[in-house]
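Notes for the structure review
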Amino acid sequence: MNNKVIISLSEDKCKNEAVSRFFGSPTVPGEWFDEELFSESEVFVCQIALADYTDFGGYGLFPTDGYIYFFFDTQDGENPLRIRFFGEDPDTVVEDFNESVDFDLPKKEYSVRFYKDGESGVIGSFISSAEDAGDDLVLFDFTNADPKIFGFLGDKKKIVISKKALSKLCFDQAKLI
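We now turn to the structure provided with this report. (Residues numbered from 1 in each chain as written. Predicted model: local features only at pLDDT ≥ 70, side-chain atom pairs only at ≥ 80, totals over all residues. Heavy atoms only, no water.)

Time to look at the environment of I159. Within the secondary structure, I159 sits in strand β12 (residues 158-162). C-alpha separation for the pair I159 and G77, spaced 82 residues apart in sequence, amounts to 16 Å. Apart from residues lying up to four places away in sequence, I159 is in contact with F70, L81, I83, L137, V138, L139, F140, F142, A174, K175 and L176. (Helix = DSSP H or I, 4+ residues; strand = E, 2+ residues; numbered from the N terminus. Contact = heavy atoms within 4.5 Å.)

Structure below.
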């Protein structure tokens, strides 16, 4: 069964704060700042609203509510990936999250459209996701994404997580390969 999802990026303005997006201003749980969860060298890459995402696949391993967040630690050369999950609606828009880090990231916000693999009409820089890889699931595959947008990833183009870790919502076990 092919549950692969295509994520297409568009420069159209996002409809509201708590939607799937790449770059721009994340909408996160305010409590994350109380926990001092973020390092000073972390940048925001994307947030995915699982309510949108699960309609397109996911092998039944994703919750239907909540958000997955992808952050990148610019100072951690060994394991820069920071994937976090929040099971409710986030409440805090962080307008200047990436401003204090000197790192080459797109300054634009990209809205997101989801397509089932094979659907026509896929436009823009695209990323494949929810691709079965044996014991693992490919959360994001940036191989065919625009290198001007995702060049910061270097030669590592996929984010994978074991299906076991995913079933336990242990997104911190995802790896950039």
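Back to the text.
Of all hydrophobic cores here, the largest spans 40 residues; its most connected members are F22, F70, F140, F142, F150 and I159. Examining the composition of this core, we find that four residues originate from one element, strand β4 (residues 42-49), more than from any other. V28, A49, Y67 and F97 belong to the second-largest nonpolar core, a separate cluster that totals eleven residues. (Core = buried A, V, L, I, M, F, W, Y, C linked by side-chain atoms within 4.5 Å. Buried < 20%, exposed > 50% of the residue type's maximum accessible area, 1.4 Å probe, protein only.)

The next subject is the layout of surface pockets. Roughly 370 Å³ of volume is contained in the largest pocket. Together, 24 residues line the largest pocket, and F23, G24, S25, E95 and E109 are the ones closest to its centre. By residue class, the composition of the lining of the largest pocket is nine nonpolar, five polar and ten charged. When its volume is computed, the second largest pocket comes out at roughly 250 Å³. Take the lining of the second largest pocket: its biggest share by element is four residues, from strand β8 (residues 110-116). A class-by-class count of the residues in the lining of the second largest pocket yields five nonpolar, two polar and five charged. (1 Å grid on protein atoms, 1.4 Å probe; cavity = no way out; pocket = protein on both sides within 12 Å on 5 of 7 lines; lining within 4 Å. Points joined across faces, edges and corners; volume = space filled by probe spheres on them. Nonpolar A, V, L, I, M, F, W, Y, C, P; charged D, E, K, R; others polar.)

It is worth spelling out the packing of aromatic side chains at this point. Summed over all chains, the structure comprises 25 aromatic pairs. Summarising the aromatic geometry, the rings of W32 and F86 are spaced 6.1 Å apart at their centres and angled 80° between planes, so their arrangement reads as edge-to-face. Of this pair, W32 sits in helix α1 (residues 31-34) while F86 sits in strand β6 (residues 81-86); the two residues are 54 residues apart in sequence, bridging distant segments of the chain. Judged by relative accessible area, which is 5%, W32 ranks as buried. One aromatic cluster is present, built from ring pairs that chain together F22, F23, F70, F72, F103, Y110, F140, F142, F150 and F152. (Phe/Tyr/Trp six-rings, centres within 6.5 Å; stacked < 30°, edge-to-face > 60°.)

The next subject is a negative patch on the surface. The grouping of E31, D34, E35, E36, D65, E88, D89 and D91 at the surface amounts to a negative patch. Relative to the elements of secondary structure, E31 occurs in helix α1. (Patch = residues over 30% accessible without salt bridge, like charges linked within 9 Å, V, L, I, M, F, W, Y side chains within 5 Å. Areas by Shrake-Rupley, 256 points an atom, 1.4 Å probe, with all protein chains shown as cover. Salt bridge = Lys/Arg side-chain N within 4 Å of Asp/Glu carboxyl O. Lys, Arg positive; Asp, Glu negative; His and termini not counted. Charge placed at Lys NZ, Arg CZ, Asp CG, Glu CD.)

By the element assignment, N98 lies in the loop between β7 (92-93) and β8. Judged by relative accessible area, which is 15%, N98 ranks as buried. Polar contacts involving the side chain of N98 include one to the main-chain amide nitrogen of F44, which spans 2.7 Å. Ignoring anything within four residues of it in the chain, the contact list for N98 reads V43, F44 and L105. (Polar contact = N/O pair within 3.5 Å; in protein donor to acceptor, adjacent residues only side chain to side chain.)

Before going further, it helps to spend a moment on the environment of I6. Among the structural elements, I6 can be located in strand β1 (residues 5-10). For I6 and F114, which are 108 residues apart along the polypeptide, the C-alpha to C-alpha distance reads 5.8 Å.

Moving on, we get to the pairing of β4. Extensive coverage of β4 is indicated by the burial of eight of its eight residues. Looking at chain direction, strand β2 (residues 21-22) and β4 are connected through two bridges and run antiparallel. Of the residues in β4, the one forming a bridge with F22 is C46. Bridging between β4 and strand β5 (residues 67-73) involves seven bridges; their strand directions are antiparallel. Following the sheet pairing, A49 is matched in β5 by Y67. (Pairing = 2+ DSSP bridges.)

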